[in-house]
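Examination of the molecular architecture
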Amino acid sequence: MDDGMPRPTVVLLPMWAPGHFSSMLQAGKRMLLCGAGSSTPAVTLTVLVIPPPMDSWQCEMASGDGIDFHHLPAVEHRADLPGHPSEYIQLYAPHVKEAIAGLAAPVAAVVVDFFGTPLLDVAHDLAVPAYVYFASTGAALALMLRLPAIYEEVYSTRLREKQGVVDVPGMPPVPVASMPSPELNDYAWFVYYGRRFMEARGIVVNTAVELEPGVLAAIADGRCTPGDRAPPVYPIGPVLTLKPRADGQSPHECVRWLDGRPPASVVFICFGSRGWMRTGQVREVAAGLERSGQSFLWVLRGPPAGSSLYPTDANLGDLLPDGFLERTKGKGFVWPSWAPQTEILAHAAVGAFVTHCGWNSILESLWHGVPMAPWPLYAEQPLNAFELVACMGVSVELRVCTGRDNFVEAAELERAVRSLMGGSEEGRRAREKATKMKAACRNAVEKGGTSYAATQRVVQDMLESYVIK
Ligand SMILES: COc1cc(-c2[o+]c3cc(O)cc([O-])c3cc2O[C@@H]2O[C@H](CO)[C@H](O)[C@H](O)[C@H]2O)cc(OC)c1O
Ligand SMILES: O=c1ccn([C@@H]2O[C@H](COP(=O)(O)OP(=O)(O)O)[C@@H](O)[C@H]2O)c(=O)[nH]1
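As annotated in an unreviewed UniProt entry, the protein carries the name Glycosyltransferase and is attributed to Dichanthelium oligosanthes. UniProt, in its Subcellular location (unreviewed entry) section for the protein, records the words "Nucleus". Looking at the Sequence similarities (unreviewed entry) heading of the UniProt record, one finds this comment for the protein: "Belongs to the UDP-glycosyltransferase family."

A closer look at the sheet that holds strand β3 (residues 67–71)
In spatial order, the strands read β3-β2-β1-β4-β5-β8-β9; together these seven strands make up an open sheet with parallel pairing. Each having just a single partner strand, β3 and β9 (233–235) make up the two edges of the open sheet. The mean inter-strand angle of the sheet, taken between neighbouring strand axes irrespective of direction, is 25 degrees. Taken together, the four bridges between strand β4 (residues 107–113) and strand β5 (residues 130–134) define a ladder with parallel strand orientation. Residue pairing across strands places Asp113 opposite Tyr133, the latter belonging to β5. In the packing of helix α3 (residues 93–101) onto the sheet, the strands contacted are β1 (9–13), β2 (44–49), β3 and β4, and the crossing angle to β2 comes to about 155 degrees. Each of β1, β4, β5, β8 (202–205) and β9 is contacted by helix α17 (residues 450–465), which is oriented at about 140 degrees to β9, the strand it contacts most.

Points about the pattern of salt bridges
Per the counting criterion, the structure on display carries 17 salt bridges. Between Glu414 and Arg291 there is a salt bridge, with the nearest N and O atoms lying 3.9 Å from each other. Highlighted residues: Glu414 in helix α15 (residues 410–423) and Arg291 in helix α9 (residues 279–292), separated in sequence by 123 residues. Take Arg291: its relative accessible area is 48%, and that puts it in the partly exposed class. The salt bridge partner of Arg418 is Glu414, with a shortest N-O separation of 3.1 Å. Of this pair, Arg418 and Glu414 both sit in helix α15, four residues apart, which is roughly one turn of the helix.

Some points on the state of the cysteines
According to the stated counting rule, one finds zero disulfides in the structure shown. As a non-bridged cysteine, Cys401 has Cys357 as the owner of its nearest cysteine sulfur, 16 Å distant. We classify Cys401 as partly exposed; its relative accessible area is 29%. Here Cys441 stays unpaired: no disulfide links it, and the sulfur of Cys391, its closest cysteine neighbor, is 15 Å away.

Some thoughts on the site of ligand 2
Looking at ligand 2, there are 14 residues lining it, with Ser273, Ala339, Ser361, Glu364 and Tyr378 nearest. Within the side chain of Gln341, an N or O atom sits 3.2 Å from an oxygen atom of ligand 2. Contact between ligand 2 and His356: an oxygen atom at 3.0 Å from a side-chain N or O atom of the residue. Computed on the free molecule, ligand 2 has an accessible area of 540 Å², of which 86% lies beneath the protein chains in the complex. For the shell around ligand 2, the element with the most residues is helix α13 (residues 359–367), which contributes four residues. Looking at the shell around ligand 2 residue by residue, the classes come out as five nonpolar, eight polar and one charged.

Side note on helix α1 (residues 18–34)
An α-helical turn contains 3.6 residues, so any two residues separated by three or four positions project in the same direction. Counted at 1.5 Å a residue, the expected span for α1 with its 17 residues is 24 Å, and the 24 Å between its end C-alpha atoms agrees. With 12 of 17 residues buried, α1 is to be regarded as a mostly interior element. Where α1 is concerned, the buried positions are Pro18, His20, Phe21, Ser22, Ser23, Met24, Leu25, Ala27, Gly28, Met31, Leu32 and Cys34.

Observations concerning the domain arrangement of the protein
Looking at the assigned domains, one finds that the protein contains domain 1 (9–135), domain 2 (138–220) and domain 3 (253–443). Taking only C-alpha atoms, the centre of domain 1 and the centre of domain 2 are 25 Å apart. When domain 1 packs against domain 2, close to 1,600 Å² is buried across both sides, 64% of that on carbon and sulfur atoms. Run the count over domain 1 and domain 2 and you get one salt bridge. Of the charged contacts, one joins Arg196 and Asp121 as a salt bridge, the two residues approaching to 2.7 Å between their closest N and O atoms. Among the secondary structure elements, those contributing two or more residues to the side of domain 1 that touches domain 2 are α1, α2 (85–90), α4 (120–125) and β5. Residue contributions to the side of domain 1 that touches domain 2 peak at five residues, all from β5. Class assignment of the residues belonging to the side of domain 1 that touches domain 2 gives a composition of 12 nonpolar, six polar and two charged.

Considerations on the site of ligand 1
Around ligand 1, 23 residues are found, and the nearest of them are His20, Phe190, Trp359, Glu380 and Gln381. Contacts to ligand 1 include Gly19, whose backbone N or O atom sits 3.1 Å from an oxygen atom. Within the backbone of Trp359, one N or O atom sits 2.7 Å away from an oxygen atom of ligand 1. Its free accessible area being 660 Å², ligand 1 has 88% of it covered by the protein chains. Listing elements by their share of the shell around ligand 1, those giving two or more residues are α1, α6 (184–197), α13 and α14 (381–392). Partitioned by chemical class, the residues of the shell around ligand 1 number 12 nonpolar, eight polar and three charged.

What counts, and at which threshold
Residues numbered from 1 in each chain as written. Chains lettered and ligands numbered in written order. Predicted model: local features only at pLDDT ≥ 70, side-chain atom pairs only at ≥ 80, totals over all residues. Heavy atoms only, no water. UniProt positions renumbered as here; feature names shortened; annotations may be inferred. Pairing = 2+ DSSP bridges. Helix = DSSP H or I, 4+ residues; strand = E, 2+ residues; numbered from the N terminus. Axes fitted to C-alpha atoms, helices over the stretch in contact; angles between N-to-C directions. Contact = heavy atoms within 4.5 Å. Salt bridge = Lys/Arg side-chain N within 4 Å of Asp/Glu carboxyl O. Buried < 20%, exposed > 50% of the residue type's maximum accessible area, 1.4 Å probe, protein only. Disulfide = S-S within 2.5 Å. Near = heavy atom within 4 Å. Polar contact = N/O pair within 3.5 Å; in protein donor to acceptor, adjacent residues only side chain to side chain. Areas by Shrake-Rupley, 256 points an atom, 1.4 Å probe, with all protein chains shown as cover. Nonpolar A, V, L, I, M, F, W, Y, C, P; charged D, E, K, R; others polar. Expected span 1.5 Å × (residues − 1). Domains from an automatic or database assignment. Buried area = accessible area lost by both parts, 1.4 Å probe.

See the structure below:
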């Protein structure tokens, strides 16, 4: 298509947090690649970058190849903001409107991160079709769509009393302990998102039909929004950010350590971009690992500094029990900083993953066929953990004491690790299922796969709906 007309652009409005920003950008790149079926993508991408409220986080943002990064000017804000990410994003509405209105190319669609739901108003004001990008699970999406109708009743009874189950259509009954972090304020926002998602032209979600058939069918059948049809949902995942090592770049220390290990012999432990541990918990993990007799690669981070959300590099000498590193030398490796997680999960030596259940981490593990022990910490992770065990069957259960700051005892970790690494029928089934999920994930995003087709459908829908200025 080269008739001298500028190609229509899809405007992405990602949230700055690591798992959100990269996920949405990769999803946009998929749209470029899957779009028209010809060699030139039918659309370009314009990424409107909202300055992070406090923590700086580095991501490559070089314009080119049909992607244009446009940095919005920083908005002066009250000292108490950011409170909730959506409140902060809302401050950018005037800049977002001005930036979109000033684009030279016709705008086919605006896609907002779910935390950017308040920006749907901007798209409506400019009469541009609006889509939501949901970087988490179909299950969390089903819950949000269901919440406006059930919140009052569920909150006033089960959530307040911290007992009972919640009906998330398409899932087995969800114990209240497995619901996302239960602060009233969060749920008020969830209700808001669920209500406003109904105004979107479509919802693009980072999952695949093969991973979450039940909840996706429930949304499509209208079981989450009785009396009203939810917008079409496009499961285009797994959308992953896999960074192959550059030519000539030497392997990371963690990878070098894994290189010497037999296949599927190492337990990998990592808690995402925000997880860290206090000394008491470190002692339990150390004892559990040591007693399990399994090899391990443990990413151990220290507490955030100041008001940052993100952990610091751990001081291993202070945190680990005396003599632990000496006793486990050759058997285990503790890494105190950011680790190349996707490269580690891709390594043949890794046989299991103890994870905080961030959705990106789960998808990365499934992509490489690695079974998991779920240790959720915050956000929607308890719901993800429940889904891994009760619906997907790719994990053995790990009992986490939610009432004790998500504490896990040494004996419990030892049991789960042994089970996952071959000591139980449950572990064997989880490994088998994880291998099947690996194939399902890869098939879904191949040409002709379900997620590939969903990506084509959403781009087609964007092209059909846009009006040339
Ligand atoms: C998806 O449901 C929830 C997500 C979050 C949440 O909030 C958040 C806020 C920040 O200021 C920085 C963050 O990094 C961040 C991350 C985050 O959740 C993670 O998002 C990932 C998607 O990219 C992925 O889904 C992980 O599983 C999430 O843990 C908070 C929340 O309630 C408080 C949610 O329900
Ligand atoms: O040491 C680390 C910790 C995390 N990650 C990456 O950070 C992302 C974490 O996202 P997730 O959704 O799992 O959890 P969150 O950090 O948002 O809670 C994933 O892509 C991980 O691969 C990483 O590469 N190295």
